[in-house]
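Structural description and commentary
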Amino acid sequence: MVTPGSALRLVLPLILLADRSAGVGFRFASYIDNYMVLQKEPAGAVIWGFGIPGAIVTVTLYQGQEINMKKVTHVKAPSNTWMVILDPMKPGGPFEMMAQQTFGTRNITLKVHDILFGDVWLCSGQSNMQMTVLQIFNATRELSSAAAYQSIRILSVSLIQAEQELEDLDAVDLPWSKPTSENLGQGNFTYMSAVCWLFGRYLYDTLQYPIGLISSSWGGTPIEAWSSGRSLKACGILNQGPIPQDSVTGPSEHSVLWNAMIHPLQNMTLKGVIWYQGESNMNYNRDLYNCTFPALIEDWRQTFHHGSQGQTERFFPFGFVQLSSYLSNDNSDDGFPQIRWHQTADFGSVPNLKMPNTFMAVAMDLCDRDSPFGSIHPRDKETVAYRLHLGARAVAYGEKNLIFQGPLPENIELLAHKGLLNLTYYQQVQVQRQDDKIFEISCCSDHQCKWLPVPMSTFSTQTLTLDINSCYGTVDAVRYAWTLWPCEYKQCPLYHPSSTLPAPPFIAFILDQVPGH
């Protein structure tokens, strides 16, 4: 016999379950919110969320009283998710969006307002990407001018790690917002990313249409934490190795940040990604970075293309910052130079055969001895972002005849009988100052080689000659700026004459003639 009390205990959970299925579980994905930017034409923006399996979901986009489009789908089991792809939209706005779930006779409605269409960029990496506008040079000016950029919208992902791939973000620190001095300078290493913001501001100044910026970064983290198991396996990294704690201060377990802070964004339609990371791999899997970084790029591209149902380009533009300078007690350590080189897949510049549709901002001349955050965190993020945006304009937006990287040699000629080494550059090069140490040659004798600094001898608009008379053996390699701290602030020897872009570091074996080959 069932007593009245026990009947109540049996029925109550069923009532609560029915109430949840009636609408509490119907929602947009965590990052679909007021003030967001959706990717403009030629792609279609992906809108998705959660609901009751089998329910019909109607998504309506409208501007004022005018309906722009309606899309109808249903909630799939067992994922309890729904998804629609909007028709490609021209840049602009604002628009409103309504999603209605119909389940039997019950209707639940969600609304999102002040949506803009433009280009959406994801910004990721470690602490140099995480630094806020509050921490950089000219912070006061930058914060006070934020209000003039209401068509740039910003979102910052919470610092979360997970053992398995999450379907949706667990939390956001800053939901989609218009820029203000408060949310651009919330605190040190919180939100919003200065490099991300400045990159978007430079793009907006050029493009004059809305830009959406998503910051998902965590200081002190190695690339392995941001990589899927697939991409790590592709580089032969199967198990967690011992991690030196001097350079890794954030989460370091393999894939934990990919799982929680990148994978949940995979359905989003993106224009591209910018990345600033590598310091934490100086002493951890350094020699594999020339594999792990290109593998990460390839895997992110594949994942976002698939997750967005093909709306995010398969080879979307991917920009990154080559590491800046760092004051270390260990002057013999070439960890930073090696990472800088490996960031280009050992080619010296990008795009290249292993890293198509990529662009790079060289930052080795933006050193900052007096940074209150340590020399590893230089404060001139404005120049970093400016150089990045030049690469984006050339690679992502196809702007022709735009110089977006400094000069690199295309031919190296050894004139041993004259004691000279000739470097011919593929573009004009300006010698800003003479330097007798920044170029080094590998001098070999008796089956032993050592690096010797060599002075610059003569130069013209595209050639540079090195005096190699200090070597009494055989010269088999040459390298440039192969040190933690190659030069003082914006005082490296070689730049492009009109663009103020520094020549990137390189290493080349004489037999190969061309760096990176």
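As the structure is a prediction and not an experimental result, all values here were calculated from the model.

1. Examining the overall build of the chain
Scanning the chain for helices and strands turns up 10 helices and 24 strands. Over its C-alpha atoms, taken along the principal directions, the chain stretches across nearly 105 × 55 × 40 Å. By the burial criterion, 58% of the 517 residues in the chain qualify as buried. Taken together, the 34 basic and 45 acidic charged side chains of the chain have centroids lying 7 Å from each other.

2. Quick notes on the environment of Glu298
Structurally, the position occupied by Glu298 is in helix H8 (residues 289-307). Measuring from C-alpha to C-alpha, the distance between Glu298 and Val362 comes to 22 Å, with 64 residues separating the pair along the chain. Sequence-distant contacts of Glu298, defined by excluding residues within four places in its chain, comprise Arg314 and Phe315.

3. A closer look at the packing of aromatic side chains
The final tally for this structure, using the stated rule, is 24 aromatic pairs. By the ring-pair criterion, three or more aromatic residues cluster together here, those being Trp226, Trp258, Trp275, Tyr289, Phe293, Trp300, Phe318 and Phe320. Sitting above the plane of the Phe316 ring, Arg301 keeps its charged end 5.9 Å from the centroid. For Arg479, the ring lying beneath its charged end belongs to Trp451, and the centroid distance is 4.0 Å.

4. Describing the pairing of strand E8 (residues 106-125)
Most of E8 sits inside the fold, with 14 of its 20 residues counted as buried. As defined by bridge partners, strand E2 (residues 37-39) adjoins E8 across 3 bridges and the pair is classed as parallel. Its bridge partner being in E8, Leu38 is matched across the sheet by Phe117. Here strand E7 (residues 92-103) folds back onto E8, and the loop between the two strands holds 2 residues, one of which, Gly104, carries a positive phi near 65°.

Calculation rules
- Residues numbered from 1 in each chain as written.
- Predicted model: local features only at pLDDT ≥ 70, side-chain atom pairs only at ≥ 80, totals over all residues.
- Heavy atoms only, no water.
- Helix = DSSP H or I, 4+ residues; strand = E, 2+ residues; numbered from the N terminus.
- Buried < 20%, exposed > 50% of the residue type's maximum accessible area, 1.4 Å probe, protein only.
- Lys, Arg positive; Asp, Glu negative; His and termini not counted.
- Charge placed at Lys NZ, Arg CZ, Asp CG, Glu CD.
- Contact = heavy atoms within 4.5 Å.
- Phe/Tyr/Trp six-rings, centres within 6.5 Å; stacked < 30°, edge-to-face > 60°.
- Lys NZ or Arg CZ within 6 Å of the ring centre and 35° of its normal.
- Pairing = 2+ DSSP bridges.

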